[in-house]
Amino acid sequence: ALSSAVTLAYGARYARYDYLEQRNLVSPRLEITTTPWSGTRISGLVSRRALAPGAEEFLPPGDTGIWLPPQRTFSAIAPGQPLDAERATHVALAVERDFASSTITLRAFRQQIDNQLITAFGVDLPGVPNAQVGHYVVGSAGNAQVAGGTVALRTSTLGSRVNGSVAYSLSNAQLSENTGLRYLVLLTPSALRQDTQRIHDLATTISADVPETATRVLVVYRASNGFAHPAVGGGMEPRRGAFDSRFDVQVRQSLPFMNFSSARWEALVAVRNFFREAAAEQSIYGELLVVQPPKRLVGGVTLHF
């Protein structure tokens, strides 16, 4: 806290991946927030996020994610080509205003992404395992520049039992082609985007807490016209402009009869086809360039300490 009205948040994350040529990844972040008057916040953010290909198999999940052991294997989309990390520089300015139990956010942002990652399921490449449910291929789709804005609404109802948010983003994005991956035209031509693309993105999250039965439900849904698709029409016709979606539905039921000390047990059932956990300042192309992610059904018991 710099003063009663100004706060500063800063830090960095360090990761090391032995299978990368540049093994050490540093992701710094700096954010300053001011409260000019009650219920209103203005914040500025600068960050640089480094993401290793295949990192989803090793990273812990976010607040709404499910922590599972590595489930899949991956390999380079270009046989023999070294794997490089994606690096996204993110600059944003946001204004938030509280209205009773709701908050409206307006945000403008710019991104510069070096070595934008592309992930593909369901492709068959010579010399690599068949990319089906248990294996996928990763590579670089090139560099990207993005400028856009977001308007979002968060609210809670029924005495905070139901919380929801909806966010609409409009971005102008240009992805420069990686000349080393021209054969992507045969696999997923919609991932190669030489012209500036206008991306519409709608994300909705609804969470409900029923204390009488100790049940929690989470629904996450995202629709966009920027998702990459597999090749159709003999492998040369890109499917662009069509809206597609991702979803994540989780139901958690507390098991109080199994609790001991400070531990808490929950039964979990989830159905999802998101590949990546939503993360702050991630590339706008992060989930959009995941081709044919499989639907997953997760069930089991979780233990919280």
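Predicted, not measured: the structure shown is a model, and the values here were computed from it.

A. Structural view of the overall build of the protein. Looking only at helices and strands, one finds 1 helix and 14 strands in the protein. Buried positions account for 41% of the 305 residues belonging to the protein. Sequence separation of at least 24 residues holds for 66% of the intrachain contacts in the protein that already meet a minimum separation of 6. Per element, the accessible surface of the protein, about 15,800 Å² overall, is 60% carbon and sulfur.

B. Up close: the side chain of Gln282. Following the sequence through the fold, Gln282 ends up in the loop between strand S12 (264-272) and strand S13 (290-291). If sequence neighbours within four positions are ignored, Gln282 has contacts with Arg49, Gln111 and Glu277.

C. Structural view of the layout of surface pockets. Roughly 1,600 Å³ of volume is contained in the largest pocket. Lining of the largest pocket is provided by 47 residues; of these, Arg107, Ala167, Ala278, Ala279 and Ala280 occupy positions nearest its centre. When contributions to the lining of the largest pocket are tallied by element, the ones reaching two or more residues are strand S2 (24-37), strand S3 (40-51), strand S5 (86-99), strand S6 (102-120), strand S7 (135-157), strand S8 (162-175), strand S9 (197-210) and strand S10 (215-224). Class assignment of the residues belonging to the lining of the largest pocket gives a composition of 18 nonpolar, 15 polar and 14 charged. Taken as a whole, the second largest pocket holds about 800 Å³ of empty space.

D. Up close: the nonpolar core. Core analysis: the largest hydrophobic core is formed by 23 residues, its most contacted members being Val146, Leu175, Tyr285 and Leu289. Every element with two or more residues in this core is listed here: S5, S6, S7 and S8. Beyond its immediate chain neighbours, meaning those up to four positions away, Val146 contacts Phe109, Arg110, Gln111, Ile113, Ser171, Asn172, Ala173, Ile284 and Tyr285. Among the nonpolar cores identified, the runner-up in size contains 17 residues, and Leu20, Leu51, Leu83 and Tyr136 belong to it.

E. Region of interest: the pairing of S9. Alignment of S8 against S9, held across 12 bridges, turns out to be antiparallel. Paired with Ala167 across the strands is Ala203, a residue of S9. Pairing analysis gives 10 bridges linking S9 to S10, with the strands arranged antiparallel. Of the residues in S10, the one forming a bridge with Ile206 is Val219.

F. Geometry of the packing of aromatic side chains. Following the criterion strictly, the structure yields 8 aromatic pairs and no others. The interplanar angle of 55 degrees and the centroid separation of 6.4 Å between the aromatic rings of Tyr17 and Phe58 together place this pair among those described as tilted. Highlighted residues: Tyr17 in the loop between strand S1 (6-16) and S2 and Phe58 in the loop between S3 and strand S4 (73-76), separated in sequence by 41 residues. Overall, the relative accessible area of 10% leaves Tyr17 in the buried class. Using a relative accessible area of 45% as the deciding quantity, one classes Phe58 as partly exposed.

G. Structural context of a nonpolar patch on the surface. Taken together, Ile42, Leu93, Val95, Phe99, Ile104, Leu106, Val151, Leu153, Val166, Tyr168, Leu170 and Leu202 make up a surface patch of nonpolar side chains, about 940 Å² in accessible area. Those elements that place two or more of their residues in the nonpolar patch are S5, S6, S7 and S8. With respect to the element layout, Val95 can be found in strand S5. With a relative accessible area of 36%, Val95 lands in the partly exposed category.

H. Spatial organisation of unusual backbone geometry. Phi is positive for Ala100, close to 55 degrees, though the residue is something other than glycine. Tracing the chain through its elements places Ala100 in the loop between S5 and S6. Classification of Ala100 by relative accessible area gives exposed; the value is 88%. One non-glycine residue with positive phi stands out, namely Ala214, at about 55 degrees.

I. Examining the pattern of salt bridges more closely. In this structure the tally under the stated criterion is 17 salt bridges. Among the salt bridges present, the one from Arg252 reaches Glu266, with a minimum N-O distance of 3.8 Å. Separated by 14 residues along the polypeptide, Arg252 in strand S11 (residues 244-254) and Glu266 in strand S12 bring together distant segments of the chain. For Arg252, a relative accessible area of 11% gives the class buried. Beyond isolated ion pairs, a larger network of salt bridges with shared partners links Arg41, Glu96, Asp98 and Arg154.

Parameters at a glance
- Residues numbered from 1 in each chain as written.
- Predicted model: local features only at pLDDT ≥ 70, side-chain atom pairs only at ≥ 80, totals over all residues.
- Heavy atoms only, no water.
- Helix = DSSP H or I, 4+ residues; strand = E, 2+ residues; numbered from the N terminus.
- Buried < 20%, exposed > 50% of the residue type's maximum accessible area, 1.4 Å probe, protein only.
- Contact = heavy atoms within 4.5 Å.
- Areas by Shrake-Rupley, 256 points an atom, 1.4 Å probe, with all protein chains shown as cover.
- 1 Å grid on protein atoms, 1.4 Å probe; cavity = no way out; pocket = protein on both sides within 12 Å on 5 of 7 lines; lining within 4 Å.
- Points joined across faces, edges and corners; volume = space filled by probe spheres on them.
- Nonpolar A, V, L, I, M, F, W, Y, C, P; charged D, E, K, R; others polar.
- Core = buried A, V, L, I, M, F, W, Y, C linked by side-chain atoms within 4.5 Å.
- Pairing = 2+ DSSP bridges.
- Phe/Tyr/Trp six-rings, centres within 6.5 Å; stacked < 30°, edge-to-face > 60°.
- Patch = residues over 30% accessible without salt bridge, like charges linked within 9 Å, V, L, I, M, F, W, Y side chains within 5 Å.
- Salt bridge = Lys/Arg side-chain N within 4 Å of Asp/Glu carboxyl O.

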